[in-house]
Amino acid sequence: MSDLTDLYQAVILDHNKRPRNRGKLPVANRVASGDNPTCGDNCTVYLRLDGDRIAEICFEGAGCAISQASASLMTTQIKGRTVAEAEALFNAFKEIVTTGKAPDEISDLAAFAGVHAFPARIKCATLGWHAALDALRQPPSS
Amino acid sequence: MSDLTDLYQAVILDHNKRPRNRGKLPVANRVASGDNPTCGDNCTVYLRLDGDRIAEICFEGAGCAISQASASLMTTQIKGRTVAEAEALFNAFKEIVTTGKAPDEISDLAAFAGVHAFPARIKCATLGWHAALDALRQPPSS
Amino acid sequence: MSLLSPALRFDFPALDQHVGGKPLVYLDNGATTQKPRSVIDALARFYERNNSNVHRGLHALSMRATDGFEAARARAAKFINAADSAEIVFTRGTTESVNLVAQSWGSANLRPGDIVLITEMEHHSNLVPWQQITRQTGATLKYVPVAGADAEHGLDLDALEKLLTPQVKLFAFTHLSNTLGILNDAARLCAKARAVGALTLIDAAQSIGHEPIDVQAIGCDFLAYSGHKMAGPTGIGVLYGKRALLDDMPPYQTGGGMISTVDWFESKWKPAPERFEAGTPNVADAIALHAAFDYLDGIGRPAISDHDHALAAQACTALSELPGIRILGPKTGKPRAGLVSFAFAAAHAHDIVTFADQDGIALRGGHHCNQPLMKKLGLPSTTRASFYVYNTPEEIAVLAASLRKILKFFA
Amino acid sequence: MSLLSPALRFDFPALDQHVGGKPLVYLDNGATTQKPRSVIDALARFYERNNSNVHRGLHALSMRATDGFEAARARAAKFINAADSAEIVFTRGTTESVNLVAQSWGSANLRPGDIVLITEMEHHSNLVPWQQITRQTGATLKYVPVAGADAEHGLDLDALEKLLTPQVKLFAFTHLSNTLGILNDAARLCAKARAVGALTLIDAAQSIGHEPIDVQAIGCDFLAYSGHKMAGPTGIGVLYGKRALLDDMPPYQTGGGMISTVDWFESKWKPAPERFEAGTPNVADAIALHAAFDYLDGIGRPAISDHDHALAAQACTALSELPGIRILGPKTGKPRAGLVSFAFAAAHAHDIVTFADQDGIALRGGHHCNQPLMKKLGLPSTTRASFYVYNTPEEIAVLAASLRKILKFFA
Ligand SMILES: Cc1ncc(COP(=O)(O)O)c(C=O)c1O
Ligand SMILES: Cc1ncc(COP(=O)(O)O)c(C=O)c1O
């Protein structure tokens, strides 16, 4: 299971077992869902955008350890950031999961570098991110 | 071309070059057509049934030497026969072209025994016969 | 229930390899089976010796190809005891076979008020085509429910009685559920449908290579399956249809090979089966499928069925000891066909499949093309182990040990 | 125009055989070509090593199969310079590709008053599907005429100008006529169609393995072909479609693999190309097709085109000396693509094919799935010799000698 400990790093197992920011967000003004129909994984992201800044964010969903841990970690990483910063982080994250290389200044997200050896799982790792970005790009819900 | 002289016997080449009873039959009271769509061969048989007897018979059509010679020979063989006799002859003919064995009492039709070695051509050999039998089984035309 | 000889394994070249440093344990047979040497050789031999187009050629290779193709059709008829080879239409697989019936028979026969009845355990390939054609024709789609876990997820036969009204024009059901491991009593279901005048279509994708099938004894009107799930190649499958039905149905795809005459604005069709085989057929794979029929009948389908059922039963027993496991379908100790699907609260199917792969084990995780059923059962996905002639009890032990390790990892 | 190396012949195992005691002279390439060793090996290798279902699996074999299948798609895109691999849909062949567009695009877009324009030189597979969908939708089918023998049976371009009205929604035409040996100027025809806002579909069945094709340079909207006519296996083909068009089209067949979500009474589709690939695709043959693309590009398509055209020109010259011959299409000495079809008053095509077969020569006789055209030309059938990379001038001499003998026999 050598590759697998790369894939299932402690950070990932931890977020999978104790997801952060899990649940609905009653005060959300943006909501978006994504699913991975080939897997049955799904993820809904609720967030409250305050001007250009992500004031609060939560997620719900079901799926594999990779998708759930990634969504959980994502919420911790983009909370408090601006839309542009969140998009930049997502681009960095996509780079990590497709190449396996993480820039020095990125810490927790680098736990997902092992995903690049499992191309079929890249979609799992990006599911929550896609939902979040979709939510950010939506017109405000009331 | 050893097999081929079996297939293209003198009788067949002769009927192909000088088809008997070729043309329309103005006094026909039965007409039927057949075609071999995979080949483009076709054959129309006109006959005048007098009671139970084939008084006159003609054919028209285009196709390979086998189909045209067989139609020509067929007209010479069933002219003057009863419907039952024609059917019996067709059965004998089918036996010849599928098995290659001709009973002693059958003469000219035996020329088609070589067809059995060319299964794809059996349909050619029976095209005219099928049209004739179809005509015999039809209700009278006026 | 006795097992087949483990030496069968040597007939399958793909099994002779390591994955992740471990000997391959291929338990994804529900998705597709491996192919014996004789099938691979038949394919290569066709291209090396007899390759040609069929039907319309008069030269030696073309006649050999035509003979081989039609011999495959006759063999396919014999494999399911069809009355006539004209009842065998070659398709790409189960999915195309079902689409062909839904579109051709359905468009000619379904009207508003008519009902197409299917079951809640259908694979998407025997479900979505019926959604489509009922929508197109204004007919109604209804489902025979799957019972709860206590009733082992079997078809609710009381509900079936009530659903089978004279408005039901067709009842389509799976012979062997690819998620539940349930083998439906096809003859009994067909008899019930016949009693109200409904036609029947059987999805035999999972059963064709595993269980003896006699379409005349079962009494179905249509039966669909894929070659690749029965030791044959990908890209070829069969639609069996009763001759009188096929001859009355309009064509599905049109083009070369299925026409009798073509004029600028009007065409006429050949009779079945050619009517339903437009274009150059998959000649080589039909001929290789012939070799697969021979291979399976060489073992004997009752023996294959015994073997698969025995392994599935052993797997159920071994897996039922794992903590927190939920096994779908028949209870441990009850008859089940050759596959087991299961779920754990602690670990998702995809994580299990990824981990098992590192132990050389090929499993399948997901919704198994049964999305609505999975939703009903409250499961996003399951892990499935499905067995075939070359699997062994030792492989089940490897599977159980691997799963135990994975559960510890996620505990 | 130069010829390819005769050593290419050794790449094709099927050519190394005798028929009727004579070395095989395979001139039925218009029906299907022979396959090089590399294609046969790719097929066997897949089943021996990587065989698995695609898309939905996470284990090693399934990932390898998926990678191989998607690499074949990318290679198919490159082969015709498609902008995006999502523009490549795998089908059974040309016939299915045309049916897919006719039914999916046609049912969603054609209304009474609309015109589908095709040509009089279409193969039944690019003709009957348009008869069907125009009938189903109330649209009108029109034909661009084929000129007479003096005009070498080319498309009547003046008539085309008049026929191309804004009512024309789609213009479908063959790139290379399988009966006439005419290579149409696809880019020019597409430009004319575009000028009135019509979409274009090219039947590239005969050209794909013989001529360089760049869909972006040609500017077509759809292009259809079969693998088996380009050194690939039977059972696999391609529909190229512009991405924006494919993504807007409703599904064709439905079932597993093409859905995004399925509920009891409603389903949603994946985007193209998966939307159009219901069920388990023909994975192995797609992967073998990849080897065929590589093989042909290894030779170079301009070189293949030169070779085929040169042989056809030589054949025309040799055959034109035969008594009573009538050769269809371009006149002797004029450019023609790699096939010649001809007729004699003295001998019917089937007799010729049967006789030639005894000399080891594989020819094709009949209507070549061009019934209405043959009727217009007043011919029940023709004999066709069609060439490929492994054919040689010596084989043309064998053909001419055999035909001379046959004509004597029937004289
Ligand atoms: C011009 C043309 N179009 C279409 C087809 C049909 O191809 P397929 O039978 O492989 O579907 C052919 C070959 O028969 C052809 O020559
Ligand atoms: C029960 C069942 N029906 C239909 C299918 C579809 O078969 P195919 O994908 O070969 O068309 C499958 C396999 O995926 C199946 O298990």
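The model shown is predicted, which means the values in this text are computed figures rather than measured ones. (Residues numbered from 1 in each chain as written. Chains lettered and ligands numbered in written order. Predicted model: local features only at pLDDT ≥ 70, side-chain atom pairs only at ≥ 80, totals over all residues. Heavy atoms only, no water.)

S.K.: Which parts of the structure should I look at to understand the interface of chain C and chain D?
M.R.: How big an interface is tends to be stated in terms of the accessible area lost upon association of its parts. With 90 residues of chain C at the interface, the matching set in chain D holds 91 residues. Three residues, Tyr47, Arg92 and Trp264 of chain C, lead the burial of chain C against chain D; their summed loss comes to 12% of the area buried on that side. Where chain C packs against chain D, one counts eight salt bridges. Residue aspartate 263 of chain C pairs with lysine 375 of chain D through a salt bridge whose shortest N-O separation is 3.1 Å. Counting across the chain C and chain D interface gives 60 residue pairs in polar contact (both at pLDDT 80 or more). Of all the elements, helix 1 (residues 37-50) of chain C adds the most residues to the side of chain C that touches chain D, at seven residues. (Contact = heavy atoms within 4.5 Å. Buried area = accessible area lost by both parts, 1.4 Å probe. Salt bridge = Lys/Arg side-chain N within 4 Å of Asp/Glu carboxyl O. Polar contact = N/O pair within 3.5 Å; in protein donor to acceptor, adjacent residues only side chain to side chain. Helix = DSSP H or I, 4+ residues; strand = E, 2+ residues; numbered from the N terminus.)

S.K.: Sorry if this is basic, but what is going on with the relation of the copies chain C and chain D here?
M.R.: There are two copies of the chain, and a rotation about an axis plus a shift along that axis relates them. Note on the copies: chain C fits chain D at an RMSD of 0.0 Å, the axial shift is 0.0 Å, and the rotation between them is 180 degrees. A rotation of that kind, with that shift, is consistent with a two-fold axis. No C-alpha of chain C lies nearer the rotation axis than that of glycine 235 of chain C, which sits 3.1 Å from it. Interface residue correspondence from chain C to chain D reaches 100%, placing this contact among same-surface, isologous pairings. (Least-squares fit on C-alpha atoms with pLDDT ≥ 70 in both.)

S.K.: It is not clear to me how the site of ligand 1 should be interpreted in this structure. Could you clarify?
M.R.: Taken together, 14 residues lie near ligand 1, and Thr280 of chain C together with Thr95, Asp203, Ser226 and Lys229 of chain D sit nearest. At ligand 1, the nearby residues belong to more than one chain, namely chains C and D. In this structure, an oxygen atom belonging to ligand 1 sits 3.0 Å away from a side-chain N or O atom of histidine 123 of chain D. At a separation of 2.7 Å, an oxygen atom of ligand 1 approaches a polar side-chain atom of lysine 229 of chain D. Alone, ligand 1 offers 390 Å² of accessible surface; in the complex the protein occludes 96% of this. (Near = heavy atom within 4 Å. Areas by Shrake-Rupley, 256 points an atom, 1.4 Å probe, with all protein chains shown as cover.)

S.K.: Help me out: how do you make sense of the site of ligand 2 in this one?
M.R.: The full set close to ligand 2 counts 14 residues, and Thr95, Asp203, Ser226 and Lys229 of chain C together with Thr280 of chain D are the nearest of them. Looking at what sits near ligand 2, you find residues from chains C and D. Within the side chain of glutamine 206 of chain C, an N or O atom sits 2.7 Å from an oxygen atom of ligand 2. In isolation ligand 2 has 390 Å² of accessible area, and contact with the protein removes 96% of it.

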